[in-house]
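Structure assessment
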Amino acid sequence: HASLFLSHMATLLENDAKRMQSDKMKAPQAVVAGVEAPGVGYGAAGTAQIEHDPPYSAANFCCPSPLSFALSLLCPFSWLGSCRVINEKEGAMLLTWGKFSSVVAEPGCYILNPCGTALSKVSTKQQTTDLPNVKLLDLKGNPVVVSGVVFWQVEGIKAASLNVQNVYQYVNTTAMATLKQVVSKYPYEDDDDGAGPGHSHGLSLKTEAMQVSMELKEVLQQRLAHAGVRVIAFNMTDLSYAPEIAQAMLVRQQAEAMVKARKLIVKGAVNISEDAVQQLEEKGLTMSAPEKAKVVTNLLTVICGESGATPTLQLN
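Residues numbered from 1 in each chain as written. Predicted model: local features only at pLDDT ≥ 70, side-chain atom pairs only at ≥ 80, totals over all residues. Heavy atoms only, no water.

Ordered in space as β7-β6-β9, the three strands form an open sheet in which the pairing is antiparallel. Both outer strands of the open sheet, β7 (99-104) and β9 (117-123), are each paired with one neighbouring strand and no more. Ignoring which end each strand starts from, the neighbouring axes of this sheet average 25° apart. Two elements, strand β6 (residues 90-96) and β7, share five bridges in a ladder whose sense is antiparallel. Bridging across to β7, Thr96 finds its partner in Lys99. (Pairing = 2+ DSSP bridges. Helix = DSSP H or I, 4+ residues; strand = E, 2+ residues; numbered from the N terminus. Axes fitted to C-alpha atoms, helices over the stretch in contact; angles between N-to-C directions.)

Now the structure itself:
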């Protein structure tokens, strides 16, 4: 049995050597958002590069080190529990005596040397991370409540297992910090006049949701690239003022709406008065300057007044 095992291991090592030689002769490929493109072993997502995994080696599973090989020969019964199953959309990283050995991403049943090895699995499915009701400060210092959701996927199994302690908690914490950083660059809503040091040239959280989402995705991707995570999307799902200033901001919005309405009414009243005087003169009615002023005053009073005007006639 030992001779058969040794011949099997020699065959595996020879196949791995041939495959590695053929891989060196091929041009390296990088993965850009799931599509193969020319590169240098890294996949670009936006401006960040995601570290990808080395190729799988069967010899590293059965004979990861001489010590593991020798111990497994001395204790052949330890191979009884050596089968490991990798499911669909799942990857695994192999550590041999605490040192990285190999990565497998294809589903199936694998024989793992039981001596000195540890196999950690990571899901490669698309996942979501919710950020509900996060209280932040906008560009003007107003407290706002923002909810967001991150769509992400693990592409580098080795990086996700070795570079961070817990990839799921790391994504959540990093997304929270990114949301705070990006939201603080925009006001909740932009002023028409653009006055003040906090002016953002017409950009605001209410009107530029698409641009804010794109910036959130790019910033988060740069921070998660070393963890082997690809950010698919980062969207804001809810946006509102914080409860402590919501009532005051509502009064402010009502006042702004009233001022805009008044400006529109006055502009229309002036145009109507001007047209009325012009049409009267075109029909042959000659009026003095005081009479024109009286007509304009009466029209402005009737049109701009909140309540119905009461006509008053002067009796000479």
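Before going further, it helps to examine the sheet that holds strand β11 (residues 143-154). Strand order across the open sheet formed by three strands is β10-β11-β12, with antiparallel pairing between neighbours. Each having just a single partner strand, β10 (127-137) and β12 (229-241) make up the two edges of the open sheet. Ignoring which end each strand starts from, the neighbouring axes of this sheet average 20° apart. The sheet contact formed by β10 and β11 spans nine bridges and is antiparallel.

Attention shifts here to unusual backbone geometry. What you tend to see is this: most non-glycine residues have negative phi, and most peptide bonds are trans. Phi angles above zero are rare outside glycine, and Trp97 is one such case at about 50°. For Trp97, the location among the structural elements is in the loop between β6 and β7. We note that Asn133 has phi near 50°; this positive angle belongs to a residue other than glycine. For Asn133, the location among the structural elements is in strand β10. Residue class for Asn133 comes out exposed when judged on its relative accessible area of 56%. (Buried < 20%, exposed > 50% of the residue type's maximum accessible area, 1.4 Å probe, protein only.)

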